[in-house]
Amino acid sequence: MDNAACRLRQYQALMAPGTPLRDGLERILRGRTGALIVLGRNRTVDQVSTGGFELSVPFSAQTVRELAKMDGAIVMDTDSMTITAAGVHLMPDARIDTPETGTRHRTADRVARQCGVPVITVSASMSTLSLFLDNGRHLVEDSAQILSRADQALQTMERYRDRLTGLVNRLSALEVEDQVTVRDLALVVQRLEMVVRLDRELSGYVVELGTDGRLLSLQLHELNAGIDEMRELIELDYGRAPEGVDSFAAIDDLSTTELLDPLLVARAIGYANDHLDARISARGLRQLAQINKLPSTLGPRLIEHFGSLQALFGASTAELQDVEGVGEGRARIIRDGLTRLAESAYTERLS
């Protein structure tokens with residue numbers, strides 16, 4: 001997530017339902033008075049401010065509601081949640097281009113652009129809340145609207161997660177037989193990225209919903225369990241970038257349309273010179289991670305010792321004990337685990 005998105009997420013959380021600021025904004029909306037609130041004070045804010053009253057009072061929903069009855073803007077220090085001025089007349093540079101037409105919104109947009117601080121507007125006529133941040137206006141929606149979109153995204157993510165599980169199971173079966181192609185990998189990475197992007201979208205809804213998003217947060221936590229680990233292991237198995245470099249980083253730059261093309265996905269993850277039907281071999285770390293009671297540090301040693309996943313599948317219990325850290329008991333655990341993985345792969349291929 002880039003800096004602009006992080007800043008937006010930060011102020012959405014500050015204004016989310018259940019927070020003192022949102023309570024104050026809702027009171028202003030119900031009072032039909034409107035307001036202009038500057039969330040931060042710096043030298044440029046002081047330069048564009050005239051008149052008003054200097055204050056230093058703790059923020060409360062009741063206080064901001066009463067101060068909004070006066071003409072002029074309210075200036076806040078969001079770090080200490082203190083109201084520092086009220087009734088302020090803001091005079092930003094009129095040469096700053098803005099698409100806004102209303103007086104309050106035009107002023108808010110110019111102040112946000114010129115001063116680099118967020119500005120909230122409460123529209124009395126439209127009964128809406130808007131956040132002006134950096135170079136954009138973000139409408140603050142009510143919970144019902146957000147929940148409606150979040151429900152659609154959640155259902156889509158559930159379908160994508162089911163499809164991802166099926167593709168990963170098929171990939172596992174192909175790995176056992178050493179039959180994986182670039183296309184098989186690209187389809188898994190494609191679906192994985194779709195799930196990650198939906199998770200990012202839903203996480204934004206959770207922030208915007210505040211206390212109204214608790215159930216959504218629990219559902220999202222259940223759906224994205226294991227996704228990060230899965231991505232990491234697939235990258236370790238198939239990544240072509242130098243150690244310490246994210247092999248799949250370029251996939252974040254693909255548009256939604258580009259993400260639907262397996263060839264573009266394959267190029268983004270380092271297979272630019274390979275045909276989609278070209279055979280590739282997994283290192284096998286994801287397969288070994290599925291064996292219970294196996295330390296994560298042991299997987300790389302096993303792969304390094306035997307040279308390939310196929311050689312590891314064919315290793316006997318005695319041969320496994322040649323690896324540092326593998327005794328008789330652990331060798332049996334590994335051998336039994338590999339056998340179960342092979343049987344599972346066979347069952348998957350039959351189905």
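Note: the structure precedes this text.
No experiment lies behind these values; they were computed from the predicted model shown.

**Student:** Even after reading the chapter, I still don't get the overall build of the protein, so can you show me in this structure?
**Tutor:** For the protein, the helix and strand inventory stands at 16 helices and 8 strands. Taken over C-alpha atoms, the radius of gyration comes to 28 Å for the protein, far larger than the 20 Å a tight globule of 351 residues would show. Taking the principal axes of the C-alpha coordinates as reference, the protein spans close to 85 × 40 × 35 Å. Within the protein, residue pairs in contact and separated by at least 24 positions form 63% of the contacts whose partners lie at least 6 positions apart. Total accessible area on the protein is roughly 18,000 Å²; 48% of this is exposed by carbon and sulfur atoms. Side chains of the protein give 39 positive and 50 negative charges; the mean places of these two sets differ by 5 Å.

**Student:** Got a minute to help me understand helix H13 (residues 298-306) in this structure?
**Tutor:** One turn of the α-helix equals 3.6 residues, which is why residues spaced by three or four share an orientation. When H13 is considered as a whole, its buried residues turn out to be Leu 298, Gly 299, Leu 302, Ile 303 and Phe 306. Buried positions in H13, seen along its axis, are confined to an arc of 135 degrees and lie on one side of it. Note on H13: the residue one or two positions beyond its end, Gly 307, has a positive phi of about 90 degrees.

**Student:** Can you help me understand helix H1 (residues 3-14) in this one?
**Tutor:** Across its 12 residues, H1 extends 17 Å between first and last C-alpha, which sits within 8% of the 16 Å expected from 1.5 Å per residue. Structurally, H1 contributes buried residues whose contacts are with strand E1 (35-39), strand E7 (128-133), strand E8 (136-140) and helix H7 (182-209).

**Student:** How do you make sense of the nonpolar core when you look at a structure like this?
**Tutor:** When a protein is soluble and globular, its nonpolar side chains tend to lie buried together. Among the nonpolar cores identified, the biggest contains 44 residues, and Leu 164, Leu 185, Leu 202, Leu 216, Tyr 238 and Tyr 271 are the most heavily contacted of them. For this core, the secondary-structure elements that each account for two or more residues are helix H6 (143-177), H7, helix H8 (214-223), helix H9 (227-238) and helix H11 (262-268). In terms of residues, this core owes the most to one element, H7, which gives 14 residues. Residues within four places of Tyr 271 in sequence aside, it is in contact with Val 182, Leu 185, Tyr 238, Arg 240, Ala 266 and Ile 280.

**Student:** Any chance you could explain unusual backbone geometry here in plain terms?
**Tutor:** Backbone phi values are negative for most residues with the exception of glycine, while trans is the configuration of most peptide bonds. For Ser 127, which is not a glycine, the phi torsion comes out positive at approximately 55 degrees. Tracing the chain through its elements places Ser 127 in the loop between strand E6 (119-123) and E7.

Rules used in this analysis
- Residues numbered from 1 in each chain as written.
- Predicted model: local features only at pLDDT ≥ 70, side-chain atom pairs only at ≥ 80, totals over all residues.
- Heavy atoms only, no water.
- Helix = DSSP H or I, 4+ residues; strand = E, 2+ residues; numbered from the N terminus.
- Rg over C-alpha atoms; globule rule 2.2 N^0.38 Å.
- Contact = heavy atoms within 4.5 Å.
- Areas by Shrake-Rupley, 256 points an atom, 1.4 Å probe, with all protein chains shown as cover.
- Lys, Arg positive; Asp, Glu negative; His and termini not counted.
- Charge placed at Lys NZ, Arg CZ, Asp CG, Glu CD.
- Buried < 20%, exposed > 50% of the residue type's maximum accessible area, 1.4 Å probe, protein only.
- Arc of directions from axis to C-beta.
- Expected span 1.5 Å × (residues − 1).
- Core = buried A, V, L, I, M, F, W, Y, C linked by side-chain atoms within 4.5 Å.

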